[in-house]
Amino acid sequence: MSGHDHHGDHDHDHDHDHGASGHAHAAPASPIAQRVKALEALLVAKKLVDPASLDALIDTYEHKVGPRNGARVVARAWTDPDYKRRLLEDATAAIAEFGFTGRQGEDMVVVENTPTVHNLVVCTLCSCYPWPVLGLPPVWYKSAPYRSRAVLDPRGVLAEFGTDVSDEVEVRVWDSTAELRYLVLPERPPGTEGMAEDELADLVNRDSMIGVTRAKSPAKPMAMESTP
Amino acid sequence: MNGAHDMGGMHGMGPIDTDPNDPLFHAEWERRAFAVTLALGFHGRWNIDTSRHARENRHPLDYLGSSYFELWFKAVEKLALDTGLMTADEVATGTPAALADTPPPNPERVAAILRKGVSAKLPDTVPPRFQVGARVLVREVTTPRHTRVPRYCRGRTGVIDRDHGVYVFPDTHAHGEGVKPQHCYSVRFTGQELWGDTAPARDAIYIDLWDDYLEPAP
């Protein structure tokens, strides 16, 4: 399922660059790459798509709309109890206060992690994911291993991400089978008292808002005056 | 449909690649397939449920053997052919026989479309069949058509956790049979109800399910 873990019965074409290494291959384009290119050329010639719009779509979701948005929502909820209340009551409206609206986030639900509850989001049927706050889903989120096991063995999945959840804590898995899009409000890490919203947002990464990890702890201890 | 896409509860799919730095796209063609899919959708010839069905409705070997954006590409190509946006002859020759009736949205309009989105929420004109706290049984929905009831919860009992309001019903919407307005709920199932006694006693799975999928639990 994943875009890169090619299965045994699937040609391991080498037109792609392997992630961060970014090395290009001189080999001819794979059949799928050729088909996509041919279709795009036809659609442009037919004036069914505007090439500038295609570029804009890619730029929007590769560079502009991403988990930084969600992190700002979380940081606000950590610092403003009234905002947090609004967020949990009507997530769509509270998130729209930041201007984060639209495609694949039309109707939002926020679920809160607490000392007794840990939430995890999956879409077992496809790849539903809250684009306006998290951008496009990571490859693993769309992959068969995650989709199959998140509901069956959530604690095992969490352990794979290095997240240990005590037996005393209730794990809640949200399967996004409808048009509601879920965002996890992670617990505010200890040692962040007095931190500003912007600093707090830096502790909130994508995976913590899907629920497979926790928010990061501050890299260095807080200033002395905030400790007893 | 009982397709390969309905993966909840399957074993043997292997480990998760948890690398947080894994890029969203692994090749340029994936970017283009993504953008072409969204851009063709702007013509309004199909909806999200039609589109999901076009992706899932294929042989399991094809589904499981295709990468994610390959599935998107195969689906959008089929939708464009089925709805007459383009013809098989045009695909074969790579030459348009006719130009599009309406011009595609430019980048500014695309940005506005994305910001607005397309909510599946409908006016609250239909009463809910269930109240929060009610125990419900998921019907044994078995259909070759599109449905959003995962197999792993069919025939199982849960509790209505929250009422999301009235939503488009995907089972009809995917097949051009209207939105059939009805309530959609988050239904809470215990892990043990779904997976048996070996599941951790405290854990729960919440699944969004529509009125038509549910009946009162005995």
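Rules used throughout
Residues numbered from 1 in each chain as written. Chains lettered and ligands numbered in written order. Predicted model: local features only at pLDDT ≥ 70, side-chain atom pairs only at ≥ 80, totals over all residues. Heavy atoms only, no water. Helix = DSSP H or I, 4+ residues; strand = E, 2+ residues; numbered from the N terminus. Contact = heavy atoms within 4.5 Å. Axes fitted to C-alpha atoms, helices over the stretch in contact; angles between N-to-C directions. Parallel < 35°, antiparallel > 145°, perpendicular 65-115°, else oblique. Left-handed = near helix turned anticlockwise from the far one by under 90°. UniProt positions renumbered as here; feature names shortened; annotations may be inferred. Buried < 20%, exposed > 50% of the residue type's maximum accessible area, 1.4 Å probe, protein only.

Q: Would you take a moment to explain the side chain of Thr124(A) for this structure?
A: Tracing the chain through its elements places Thr124(A) in the loop between strand S2 (117–122) and helix H6 (131–134). In this structure, Thr124(A) is in contact with Arg147(A), Val151(A), Asp175(A), His5(B), Asp6(B), Met7(B), Gly8(B), Pro150(B) and Tyr152(B), ignoring residues within four places of it in sequence.

Q: Please clarify how the packing of helix H1 (residues 31–45) of chain A against helix H4 (residues 68–82) of chain B should be interpreted in this entry.
A: Two measures define how a pair of helices packs: the angle their axes make with one another and the distance between the axes. Direction vectors running N to C along H1(A) and H4(B) enclose 40°, while the axes themselves pass 11 Å from each other. As the angle between them shows, H1(A) and H4(B) are arranged oblique. Here the hand of the crossing between H1(A) and H4(B) comes out left-handed. For the pair H1(A) and H4(B), contact is made by Ile32(A), Arg35(A), Val36(A) and Leu39(A) and by Glu70(B), Phe73(B), Lys74(B) and Glu77(B), respectively.

Q: In this structure, what is going on with the UniProt feature "binding site: Fe(3+)" (unreviewed entry) in chain A? I would like to understand it.
A: UniProt's entry tags Cys123(A), Cys126(A), Ser127(A) and Cys128(A) with the feature "binding site: Fe(3+)" (unreviewed entry), counted in the numbering of this structure. Position of Cys123(A) among the secondary structure elements: in the loop between S2 and H6. Judged by relative accessible area, which is 1%, Cys123(A) ranks as buried. Beyond its immediate sequence surroundings of up to four residues, Cys123(A) is in contact with Cys128(A), Tyr141(A), Arg147(A), Asp175(A), Ser176(A) and Arg148(B). In this fold, Cys126(A) is placed in the loop between S2 and H6. The exposure class of Cys126(A) is buried, given its relative accessible area of 15%.

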